[in-house]
Amino acid sequence: MAVSLREYRARIKSTESMKKITRAMELIAASRIIKAQQRAQAAAPYARELTRAVSAVATFSDVDHPLTKEEENPKRAAVLIVTSDRGLAGAYSSAVLKEAERLAERLREEGKEIDTYICGRKGEAYFKFRQRPIEQAWTGFSDQPSYDVAAEIGGTLIESFLKEQGEDGDVDEVHVVYTRFVSMLNQEPTAVRLLPLEVVEGTEPPAESELLPLYEFEPSAEEVLDGLLPQYVQSRIFFCLLQAAASELAARQKAMKAATDNAEELIKKYTRIANQARQAGITQEISEIVGGVNALADANAGAE
């Protein structure tokens with residue numbers, strides 16, 4: 001019993017240490033979520049209005065830009081998968097990877113080959129473990145993305161999209177799979193097509209009196225779109241990274257809170273078992289003492 005009691009006390013001590021770690025990680029994630037949410041909310045109006053402007057101009061003008069061109073027979077698609085760099089975030093990365101697998105299956109059914117681009121070490125490890133090719137990976141910033149990284153990713157994807165069909169590394173579509181932050185309790189894996197530009201403002205063109213005061217092009221609509229569309233792609237990617245960062249921190253806080261609660265329950269369980277073992281040991285020692293006393297008394301009575 002003494003050995004068993006020591007074992008339970010050692011387990012209680014190690015579980016208490018683990019509880020301190022998970023509690024600290026929960027508090028760190030909680031402190032960072034607010035800032036991540038604020039960054040995502042601050043970027044949302046710019047991304048939304050830029051998407052609205054680009055969609056309106058590309059749809060209701062005569063400009064034929066390469067980034068809005070639909071291939072008649074698309075053969076290859078690029079898929080950017082946004083995962084986390086670190087674990088201890090529950091099913092955050094596995095959920096977005098499952099969504100990416102569903103998208104990949106749908107694209108293959110349409111007869112398209114897939115080039116995979118990864119953000120985050122978890123996604124990179126997932127594909128390397130399965131010995132599946134990765135075109136390029138970016139890591140080390142999943143919980144605090146910067147616009148420079150989004151610009152680099154956007155530039156790489158645009159370069160592949162603008163290549164002529166048949167060239168090495170060309171793609172006809174660009175998709176992004178990330179986790180959309182809905183609330184602290186709900187984060188949804190989401191797949192969106194980034195290129196070619198999709199119409200999001202409706203099918204009916206606005207009246208000329210409505211369009212002209214909003215958009216003025218100098219020196220020309222073509223040159224404006226040449227500068228605006230890359231900004232659109234980069235801002236959309238940056239917004240996806242910010243949404244994913246907030247989702248990752250929320251998932252990590254939830255996972256660490258669950259781990260802390262489980263550690264508390266485990267400590268209670270081990271404490272109860274240790275007390276039972278201690279009481280059993282005391283009872284056994286008392287029984288042995290009483291038994292010894294009785295045996296000694298019987299021996300003395302026999303001698304007399």
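Everything that follows concerns the structure shown earlier in this document.
Residues numbered from 1 in each chain as written. Predicted model: local features only at pLDDT ≥ 70, side-chain atom pairs only at ≥ 80, totals over all residues. Heavy atoms only, no water.

1. Remarks on the overall build of the protein chain
Alright, step 1. Within the protein chain, the regular secondary structure consists of six helices and five strands.
Alright, step 2. Partitioning the contacts of the protein chain with sequence separation of at least 6, the portion at a separation of at least 24 is 77%.
Alright, step 3. Accessible surface computed for the protein chain: about 17,200 Å², of which carbon and sulfur atoms make up 51%. (Helix = DSSP H or I, 4+ residues; strand = E, 2+ residues; numbered from the N terminus. Contact = heavy atoms within 4.5 Å. Areas by Shrake-Rupley, 256 points an atom, 1.4 Å probe, with all protein chains shown as cover.)

2. Notes on the nonpolar core
Alright, step 1. Counting 42 residues, the largest nonpolar core has Leu80, Ile153 and Ile237 as its most contacted members.
Alright, step 2. Residue assignment for this core shows that the elements contributing at least two residues are helix H1 (2–60), strand S1 (76–82), strand S2 (113–119), helix H4 (147–162), strand S4 (173–181), strand S5 (187–195) and helix H6 (221–303).
Alright, step 3. Look past the residues within four positions of Ile153 in its chain and what remains in contact with it is Leu80, Cys119, Trp138, Phe141, Ile237 and Leu241. (Core = buried A, V, L, I, M, F, W, Y, C linked by side-chain atoms within 4.5 Å. Buried < 20%, exposed > 50% of the residue type's maximum accessible area, 1.4 Å probe, protein only.)

3. Thoughts on the sheet that holds S2
Alright, step 1. Strand order in this open sheet of five strands is S3-S2-S1-S4-S5, and the pairing throughout is mixed. The open sheet has two edge strands, strand S3 (136–138) and S5, and neither has a second partner. With direction set aside, neighbouring strand axes in the sheet form an average angle of 20°.
Alright, step 2. Set on the sheet, helix H2 (residues 92–109) makes contact with S1, S2, S4 and S5; between it and S4 the angle comes to about 150°.
Alright, step 3. Most of the contacts of helix H3 (residues 121–129) go to S2, to which it runs at about 135°, and overall it touches S1, S2 and S3. (Pairing = 2+ DSSP bridges. Axes fitted to C-alpha atoms, helices over the stretch in contact; angles between N-to-C directions.)

4. A short note on empty space enclosed by the protein
Alright, step 1. With the rule as written, the count across this model stands at one cavity of 30 Å³ or more.
Alright, step 2. If you add up the space inside the largest cavity, you get close to 60 Å³.
Alright, step 3. Among the elements that take part in the lining of the largest cavity, H6 stands out by supplying three residues, more than any other.
Alright, step 4. Partitioning the lining of the largest cavity into residue classes produces seven nonpolar, five polar and two charged. (1 Å grid on protein atoms, 1.4 Å probe; cavity = no way out; pocket = protein on both sides within 12 Å on 5 of 7 lines; lining within 4 Å. Points joined across faces, edges and corners; volume = space filled by probe spheres on them. Nonpolar A, V, L, I, M, F, W, Y, C, P; charged D, E, K, R; others polar.)

5. Overview of the environment of Ala100
Alright, step 1. With respect to the helices and strands, Ala100 occurs in helix H2.
Alright, step 2. It is 6.8 Å that separates the C-alpha atoms of Ala100 and Ile81, two residues lying 19 residues apart in sequence.
Alright, step 3. Not counting residues up to four positions away in its chain, the partners in contact with Ala100 are Ile81 and Val177.

6. Remarks on the pattern of salt bridges
Opposite charge on two side chains permits pairing when their charged atoms draw close.
Alright, step 1. Inspection of the entire model under this criterion finds 15 salt bridges.
Alright, step 2. Glu99 is paired through a salt bridge with Arg102; the nearest N and O atoms lie 2.7 Å apart. Pair noted here: Glu99 and Arg102 are both in helix H2, with a separation of three residues, about one helical turn.
Alright, step 3. One salt bridge in this structure joins Glu188 and Arg180, with 2.6 Å as the shortest N-O distance. (Salt bridge = Lys/Arg side-chain N within 4 Å of Asp/Glu carboxyl O.)

7. Examining unusual backbone geometry
A negative phi holds for most residues other than glycine; trans holds for most peptide bonds.
Alright, step 1. With an omega of -5°, the peptide bond between Leu195 and Pro196 qualifies as cis.
Alright, step 2. Tracing the sequence through the fold places Pro196 in the loop between S5 and helix H5 (208–214).
Alright, step 3. At Leu88, a residue that is not glycine, the phi angle is positive and equals roughly 60°.
Alright, step 4. Residue placement: Leu88 occurs in the loop between S1 and H2.

8. Here's the deal with the packing of aromatic side chains
Alright, step 1. What the rule picks out here adds up to four aromatic pairs.
Alright, step 2. For the ring pair Tyr8 and Tyr270, a centre distance of 6.1 Å and an interplane angle of 40° mean the geometry is tilted. Of the two residues, Tyr8 is situated in helix H1 and Tyr270 in helix H6; the sequence distance between them amounts to 262 residues. Of the two residues, Tyr8 and Tyr270, neither departs from the other in class, the shared state being buried.
Alright, step 3. Geometrically, the ring pair formed by Tyr126 and Phe127 is edge-to-face, given 5.3 Å between the ring centres and 75° between the ring planes. The exposure classification of Tyr126 matches that of Phe127, with both residues buried. (Phe/Tyr/Trp six-rings, centres within 6.5 Å; stacked < 30°, edge-to-face > 60°.)

9. What to know about H2
Alright, step 1. When the terminal C-alpha atoms of H2 are compared, their 26 Å separation across 18 residues agrees well with the 26 Å that a helix rising 1.5 Å per residue should span.
Alright, step 2. Along H2, the residues that are buried comprise Tyr92, Ser93, Val96, Leu97, Glu99, Ala100, Leu103, Ala104 and Leu107. An end-on view of H2 places all buried positions within 160° of arc, on one side of the element. In H2, the exposed residues that point more than 90 degrees away from the buried face are Lys98 and Glu109. (Expected span 1.5 Å × (residues − 1). Arc of directions from axis to C-beta.)

10. Examining H4
Helical geometry: 3.6 residues make up each α-helical turn, so side chains three or four residues apart lie on a common side.
Alright, step 1. Look at H4: 22 Å from first C-alpha to last across 16 residues, which is about the 22 Å you get at 1.5 Å a residue.
Alright, step 2. Buried residues of H4: Val149, Ala150, Ile153, Gly154, Thr156, Leu157, Ile158, Ser160 and Phe161, and no others.

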